[in-house]
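This is what each chain is made of:
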Amino acid sequence: MSVLWSAIFLMGGAYVIAVLESWFMTSRFRWLAPVAGLGELAKEPVIPRLSDRVFYESAPLILLTVPLLGFAVLPLTPGVIVTDLATGALFLNAALAYVLVALVMAGWGSHGAYAMVAGWRFLGQFVGYGMLVVMPIAAVAMRAQSLSTTEIVRSQEALWNAVFQPMGLLVFLPATMALGFMPPIDLPVAPGELAGGVSGEYTGPRLTIFRLGRLVLVVTLATAVTVFFLGGWLGPVLPAIAWTSIKVTGVVALMLAAGRYVPRLREEQVLMWSWKFGIPVALANIFWVGVILLAV
Amino acid sequence: MITGTRQAHPSFLRRLVSRVLAIERRAFVVPEAALAAGRGLDLEAAGLSLVSTPRHASVLVVVDDLPPDLARAAAVVYAQMPRPRWILSVGTPLPEQLPPADLTVDAEQAVLAEGVAELGRLMRMGAFGSQAEDFVAEQLVTRSQYTCPMHPEVVQDEPGTCPKCGMDLVPQETSGDSGEHAHHHGDGEMDHQGGERHGHGNHEHGGDDSSDEHEMDHGGGMEHSGHEGHEGHEGHEGHEGHEGHEGHEGHGGGGFMSMVAMTRDMPRSPDGLAMERFEAPYGPLYPGLPAGLNLTLTLDGDAVADSRISAGNTRIDDLLGLPSPLDEFADRLSRVDRLAPAAYRVLGLRAIEDSGALDRNDQMARHSTSVLERQRIASHLIWLSRFGMLLGLPWLGTEAVSLAARFQRNPGALPVESLEDLVGRVRRTPLLNRRLSGIGTLSEDLLSHATGPNQRAGGVVRDSRTEDPLLADLGFTAASHDAADAYGRLAVRLDEILESLRLVRELGDIPAPDLRFGSPDKRTAQATVESPRGTASVRIDIEQNLVSKVSLEAPSSAHLELARPAIQQLEVADALVTIVSLDLSPWEIGL
Amino acid sequence: MNPLVQYGLLLGIALSTAGLVAMIYLIARSFGKTREEPGKDVPFTGGTFSPKPVWARYHAHYYGFALLFLAFDMEMAYMYPWAVVFQEVGVSALADMGVFLTILFLGLLYGWSQGALKRQ
C-alpha cells in the first residue's frame, strides 16, 4: 500500500514540478508541459560515434534509479514509507552520491566536447556541495538519535529543525539545489554555455529517461528537505499527506524562484562559497546542535 | 513529401506519439533568433520553443539568408537533428545545402504565428511516412583511408602494409569536404608520429574500446579508429614548440610507462601540470553567440588555453554591388550589418551628405538621429537577451527579445514603461555584479583599441555624438562606467538604453524626410556615426555620380582583436560571457 | 521489517526501474530504427563538423578543493555512528569529535592560507 501511495505522490510531484519549472523558466503556464516531454519518444535515438556505450547507456538509467531508491526511504506520512530503513538518512546519502556518477558518465560517454566539460564540471560542483549535503544530515541525526527518517521527523514534533538548526538549512537547501543541478547551480547542463551539457547528446527515449530522472531527483530532494528540516508530515488541522505535499511544493517553488532570478553561479564561486562559507557554517551547526542538545 | 520524416507506417501508436510531439515545437534557429527579432519577429510568442542543441530540436527554423559558410554549417546542424525533423523557412529562400522547406511563411508576426500552428499540424500528420530520403551533404561524408604510422605520406584506400617499413596500416577518417578538412587530415598524420614517440600510455583512454564498440554498433559501416585520432591529439600538442622539457628521462620502452616521459613535450598549464588539450568549436551557429562568429576554444580542462576567433569572408564590393548609384547607396550599405541595418543606412546617408549630393537640413538630422537612437535601443535589447540567456536568466532572454521585436514591428509606439521596467529589473538582479565583475577586463592598452560601450565601460569617453550640436541641445551625456569588465559593459548599455529612450522621446515623431539627390561636389566623402557597437566610419570615392569605392571601419573589427587576449586562461563560461559582452557583429567584420 | 526484506525491496525497486526503462526503450524501438545518415552521429559543436575525438587527460582545475574534500569525506564516515549515539555518550562525545573537527578545521584554514582554496 505504501508503495502505491509513494508512487502516486512521486508521479504527482514530478508532474507539478515539470509544470512549475516550465512556468518559471519560460514565464508561460502550460498544463501540458510534462506530457509534451513524452513526445520525445517519437524521435530517433542517436548514439554519438565513438561514444563509450556502457557509460552512455547506463547514465540515464542510473539517474532515474538512484532518486527512486532515495525516495523509497523518505516518509510521506507516519505510515506511508516504502521502506523505513534503520539507516535511512545514510542510505539516502549513498544513493544520491550516484547522481555524480551518472552525470560524469553521461558527459564522458557522449564523447562530445561540451558534454565532457559539463561532466567534469559537475565533479567540481560535487566537490563543492558534497560535504554540505552530508554534514547537515549528521546534525539532524544527532538530534533524532537515529538515522531512520521517520524518527528524524518525530524528533521535530516540538520544534522543526529549520528553527532548531537554521544554519543547517541554510547550507543544506543550496546544496540540494546543486545536487539536483537546478539553476542557478546548473553547471552540468548550463543552457547557453554548453548547449545542453551532459544531456546534450541524448535524444529520443534516452533523453526522456534522463529528464524523468531529473524530475524524480528534484521531488526526492525537496522531500528530503521537508523531512530533515521542515518537520515532514507534521502540522495542525490538515491531514499528514497534505502537509507533506504543501511543504514539498513550497520548497520546490523556492528553489525554482532562486533559479529564475539569480544568474548562474560560476564554478569558482560554487567552490569558494562551499568551502569558505558553507563548510565553516556546517561545522558550526554541528557544534551548535551538540552544545544545545547537551545543555537542554 | 516531408524530407525529415521517419520511414514507418503511421500506425495508431505512432500517430499518437506524433500528436504529443507536436505539442511543443522545439526549434533550433539559424542563423540566430536575434536576427528574427531585428526583423520584428518574436519566435517564442509565435509558439516555438527555442532549444540550444539540434539534438533536442524537431524544427530547423531559418530566419534569414544564409551565406555559403553558414549554409554549410546549417546542413551540419540539420544532419544532427534526430528524425522526425522539419524545416520552417521564415521569408527567406533556402540554400541548396538544405532540403526544401516543409513550410515557408512570410516574415510577419501574425503570419508566423499562423505558420507555426500549421507546422503543428504537419508535425501531427507527418512524423512517420512511408517514404523517407537520406540527407546527404557533401561535407558530411567521411571515408576511411589507411596510412602508415611511421610514413604519413603513405595513404591508400585499402588496408595493407606499408611498402616502406612493412608495418600494418592504420585507418583514419577523411571528410568529403575539400580545403579546410584536408588540412586537418594533414595534421592528423603528423600527429601520429608524435604519438608513437611518446609511448603508449594513452591508449587506455578508451579509444581502442570505443572503436571496437563502434564497429559493433554500426556494423562497421563507418570505420574510425579512436586509437589513431587520440594519439594524434596528443601529438598535436607536442608540436606546439615546448622544447624546454626535453631530455629529463629516457623513454621507458617496453611495458613500463613513465608519466614524466609521456608528458615530456606537452604544453604546461599555468600551474605547471602537463595535461592534454582539446578543441571545442563554438560556432558559427552556436545559439547565443552571434551567428557567423567562428570561435574555437582550445581547452585545457575547462580553461581557455588558446583560441581562434574569426568572422566574415565577404567582400564589401560584392555585398554592395559597386559601383552603386548615389541614391541607392545608403540602402545597400544598410544590408552590410544585419544586426544594425538602420545605423548603416544613416552612415550611408551622411556620407552622401558629405559629398554634397544631398542637402543637409534640420529635419533630416533629427530624423537620422532618432533612427540611430532607436537602433541603439533595439540592438542593446537584443544583446541583453543574448546575455541573459548565457547567464542563465531565461526571463531576460525572452522578455528583452520580445520587447525588441515589438519595438521593431511598431516603431511609432515607444514601450517606455516596459523598457524602464526591464532595465530596473536587470539592475536589481541579485549577484549579477558578483557574477560579472572582473570578467573579461580589458587592459588600458586594449581599451585604447576599443570603441563604443566597450571603451566607455572603462571610463574612456570617446563618443562622436558628444560633438553633435543637435544632441548637445538635448542635453546628451555619454554613459560611462569605471570598470572595463563585463559588468561595466552591461552597466553602460543599460544606461545607454535609457538615455537613447530619452533622446527619442525628446526628438518626438519626425516624418521621414524626402531625399532629393543632386550631384556631388567632392570626389571623396566620409562620414562617421556612433553605431550601437561603437564608432563606424566610411570613406567613399565617387566617380561619375556613382559610388565606386568604399572603405569601412567597423567597431566589431577592432573588438574581434580584443577578444582573444581577453579570454586567455578564463573558464569556458567566463570566456563566453566576455565574448558576448563585447557585442561583436560578425557581419561587419572582415569587409 | 527485517532489514534483509527492506534491502530486498530496494533491490526490487532498482530492478523494476530497469524493467520500466527497458519497456520504454522497447516502445520507442517499435516506432522504427534510427536512419543512418552521414554526420548524424557526430556530436554537436556549434555547426562545425568535427568528427575528431575529444577525450583527453582532463585538467580539473578544482583539484585543490578535491584534496581537501577527501579529508573531509573520510571524517564523515565516522560522523554518522557518532551522531546517533551522541546524546547517550554525552559531553565526552562532544569533546572527542570537537578535537577531531577542530584539527580538521585548522587543516582547512591552513589550506586556505596556503592558497589551496582557489582555482588552480
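Conventions used here
Residues numbered from 1 in each chain as written. Chains lettered and ligands numbered in written order. Predicted model: local features only at pLDDT ≥ 70, side-chain atom pairs only at ≥ 80, totals over all residues. Helix = DSSP H or I, 4+ residues; strand = E, 2+ residues; numbered from the N terminus. Contact = placed C-beta atoms within 7 Å. Buried ≥ 20, exposed ≤ 12 C-beta atoms within 10 Å, placed from the backbone. Pairing = 2+ DSSP bridges. Axes fitted to C-alpha atoms, helices over the stretch in contact; angles between N-to-C directions. Nonpolar A, V, L, I, M, F, W, Y, C, P; charged D, E, K, R; others polar. Parallel < 35°, antiparallel > 145°, perpendicular 65-115°, else oblique. Left-handed = near helix turned anticlockwise from the far one by under 90°. pLDDT = per-residue confidence, 0-100. Core = buried A, V, L, I, M, F, W, Y, C linked by C-beta atoms within 7 Å. Expected span 1.5 Å × (residues − 1).

Participant: So, the overall build of chain A: which residues are in play, and what are the values?
Facilitator: Assigned secondary structure in chain A consists of 11 helices and 0 strands. Each helix and strand of chain A, placed in order from N terminus to C terminus, yields the pattern α-α-α-α-α-α-α-α-α-α-α. Along the first, second and third principal axes, the C-alpha atoms of chain A reach 60 × 45 × 35 Å. In chain A, once contacts between residues fewer than 6 apart in sequence are set aside, the share between residues at least 24 apart is 79%.

Participant: Let's hear about the overall build of chain B: which residues, and what values?
Facilitator: Helix and strand counts for chain B come out as 21 helices and 17 strands. Counting only residues that meet the buried cut, chain B has 52% of its 591 residues in that class. Partitioning the contacts of chain B with sequence separation of at least 6, the portion at a separation of at least 24 is 66%.

Participant: Tell me about unusual backbone geometry, and please be specific about residues and values.
Facilitator: Between A:Pro183 and A:Pro184 the backbone carries a cis peptide bond, its omega angle lying at 5°. Along the chain, A:Pro184 turns up in the loop between α8 (166-179) and α9 (204-229). Residue B:Arg83 is joined to B:Pro84 through a cis peptide bond whose omega torsion reads -5°. Examined against the element boundaries, B:Pro84 turns out to sit in the loop between α3 (68-80) and β5 (86-90). With phi around 60°, B:Asn545 is a residue other than glycine that occupies positive phi space. The phi angle at B:Gln569 is positive, at roughly 70°, despite the residue not being glycine. Its 14 C-beta neighbours within 10 Å are what place B:Gln569 among the partly exposed residues.

Participant: Any chance you could break down the sheet that holds β5(B) for me, citing the residues and the numbers?
Facilitator: Residue and element names in this part refer to chain B. Pairing within the open sheet is parallel, and its 5 strands lie in the order β3-β2-β4-β5-β6. If you trace the sheet from one side to the other, it starts and ends with β3 (48-50) and β6 (103-105), each paired once. Strand-to-strand twist across the sheet, computed as the mean angle between neighbouring axes with direction ignored, equals 35°. Pairing of β5 with β6, which is carried by 3 bridges, proceeds in the parallel orientation. Its bridge partner being in β6, Leu-88 is matched across the sheet by Leu-103. In this fold helix α4 (residues 109-126) packs onto β2 (25-30), β3, β4 (59-62), β5 and β6, with an angle of close to 170° to the strand it touches most, β6.

Participant: Describe in detail the interface of chain C and chain A, supporting the description with residues and values.
Facilitator: Chain C puts 51 residues into the contact, and the matching count from chain A is 55 residues. Going through the elements one at a time, α1 (3-30), α2 (63-89) and α3 (91-113) of chain C are the ones with two or more residues in the side of chain C that touches chain A. For the side of chain C that touches chain A, the residue count by class is 40 nonpolar, 6 polar and 5 charged.

Participant: Explain the interface of chain B and chain A to me, using residue names and the numbers behind them.
Facilitator: By a widespread convention, an interface's size corresponds to the accessible area lost as its parts come together. Contacts between chain B and chain A engage 50 residues on the former and 45 residues on the latter. Among the elements of the structure, α1 (12-21), α6 (207-217), β11 (278-282), α12 (362-390), α13 (394-409), α15 (432-436) and α21 (572-581) of chain B are those that each provide at least two residues to the side of chain B that touches chain A. In terms of residue count, the dominant contributor to the side of chain B that touches chain A is α6(B) (6 residues). Its residues assigned to classes, the side of chain B that touches chain A shows 24 nonpolar, 14 polar and 12 charged.

Participant: Break down the packing of helix α11 (residues 341-355) of chain B against α12(B) for me, citing the residues and quoting the values.
Facilitator: Residues and elements named next belong to chain B. Viewed as axis vectors pointing N to C, α11 and α12 meet at an angle of 150°, and their least axial separation amounts to 8 Å. By the angle between their directions, the pair α11 and α12 is classed as roughly antiparallel. For the pair α11 and α12, the sense of crossing is left-handed. Contact residues: Ala-342, Ala-343, Val-346 and Leu-349 in α11; Ser-368, Val-371, Leu-372, Arg-374 and Gln-375 in α12. Across the contact of α11 with α12, the residue classes tally to 6 nonpolar, 2 polar and 1 charged.

Participant: Quick rundown of the confidence of the model for chain B? Include the residues and the values.
Facilitator: Residue and element names in this part refer to chain B. For chain B, per-residue confidence averages 78 on the pLDDT scale, and residues scoring 70 or more make up 83% of the total. Contacts of residues 176-254 to residues separated by more than four positions or lying in other chains number 131 contacts, the stretch itself having pLDDT below 50. Scored as a complex, the prediction yields pTM 0.85 and ipTM 0.88.

Participant: I'd like a description of the nonpolar core, backed by residues and values.
Facilitator: Within the largest apolar cluster, 297 residues are counted, with the highest numbers of intra-cluster contacts made by A:Ala141, B:Leu60 and B:Val61. For A:Ala141, the contacting residues outside a window of four places in its chain are A:Ala89, A:Ser146, A:Leu147, A:Ile152, C:Tyr80, C:Ala83 and C:Val84.

Participant: Explain the environment of A:Ile279 to me, and be specific about the residues and the numbers.
Facilitator: Locating A:Ile279 in the fold gives a position in helix α11 (residues 267-295). In this structure the C-alpha to C-alpha distance between A:Ile279 and A:Tyr129, which are 150 residues apart in sequence, comes to 9.4 Å. Those residues within four positions of A:Ile279 in sequence are excluded, and the remaining contacts are A:Met131, A:Ser274 and C:Leu108.

Participant: Would you mind going over the pairing of β11(B) in detail, with residue names and values included?
Facilitator: Residues and elements named next belong to chain B. Of all 5 residues making up β11, 5 are buried, and the element is well covered by its neighbours. Side-chain alternation along β11 places Phe-278, Ala-280 and Tyr-282 on one buried face and Glu-279 and Pro-281 on a second face that is also buried. Across 5 bridges, the pairing between β11 and strand β12 (residues 293-300) is antiparallel. Note on β12: the bridge partner recorded for Glu-279 is Thr-298.

Participant: Break down the sheet that holds β12(B) for me, with residues and values.
Facilitator: Residues and elements named next belong to chain B. The sheet built from 3 strands is open, its strands ordered β11-β12-β13 with antiparallel pairing. In this open sheet, the two edge strands, each paired with only one partner strand, are β11 and β13 (303-311). Across the sheet, the axes of successive neighbouring strands diverge by a mean angle of 20°, strand direction being ignored. Sheet topology note: the β12/β13 ladder contains 8 bridges and is antiparallel. Bridging across to β13, Asn-294 finds its partner in Ser-310. With respect to the sheet, α21 is in contact with β12 and β13, its orientation differing from that of β12 by roughly 155°.

Participant: Residue-level account of the environment of A:Asn161, with values.
Facilitator: All names here are of chain A. In this fold, Asn-161 is placed in helix α7 (residues 161-164). Among the residues examined, Asn-161 registers 25 C-beta atoms within 10 Å and is labelled buried. Apart from the residues within four sequence positions on either side, Asn-161 is in contact with Val-140, Arg-143, Gln-156, Gly-168, Phe-228 and Phe-229.

Participant: Outline helix α1 (residues 2-26) of chain A, supporting the account with residue identities and numerical values.
Facilitator: Residue and element names in this part refer to chain A. Its 25 residues give α1 an end-to-end C-alpha distance of 35 Å, which sits within 8% of 36 Å, the value for a rise of 1.5 Å per residue. Of all the positions in α1, only Ser-6, Phe-9, Leu-10, Gly-13, Ile-17, Ala-18, Glu-21, Ser-22 and Phe-24 are classed as buried. Its buried side turned inward, α1 meets α2 (33-38), α3 (53-72), α9 and α10 (240-261). Of the residues trailing α1, Ser-27 is marked for its positive phi of about 60°.

Participant: Any details on α3(C)? Residues and values, ideally.
Facilitator: A rise of 1.5 Å per residue sets the reference length of α3(C), with its 23 residues, at 33 Å; its end C-alpha atoms lie 32 Å apart and thus fit the reference within 8%. One or two positions beyond α3(C), positive phi appears at C:Gly115, with a value near 80°.

Participant: Before we move on, could you go through the packing of α12(B) against helix α19 (residues 486-507) of chain B and cite the residues and values that matter?
Facilitator: Residue and element names in this part refer to chain B. Interhelical geometry of α12 versus α19 gives an angle of 150° and a closest axis separation of 9 Å. For the crossing formed where α12 meets α19, the hand is left-handed. In contact with Arg-366, Thr-369, Ser-370, Glu-373, Arg-374, Arg-376, Ile-377, His-380, Trp-383 and Phe-387 of α12, α19 contributes Leu-490, Arg-493, Glu-496, Ile-497, Ser-500, Leu-501, Leu-503, Val-504 and Leu-507. For the contact of α12 with α19, the class distribution of residues is 9 nonpolar, 4 polar and 6 charged.

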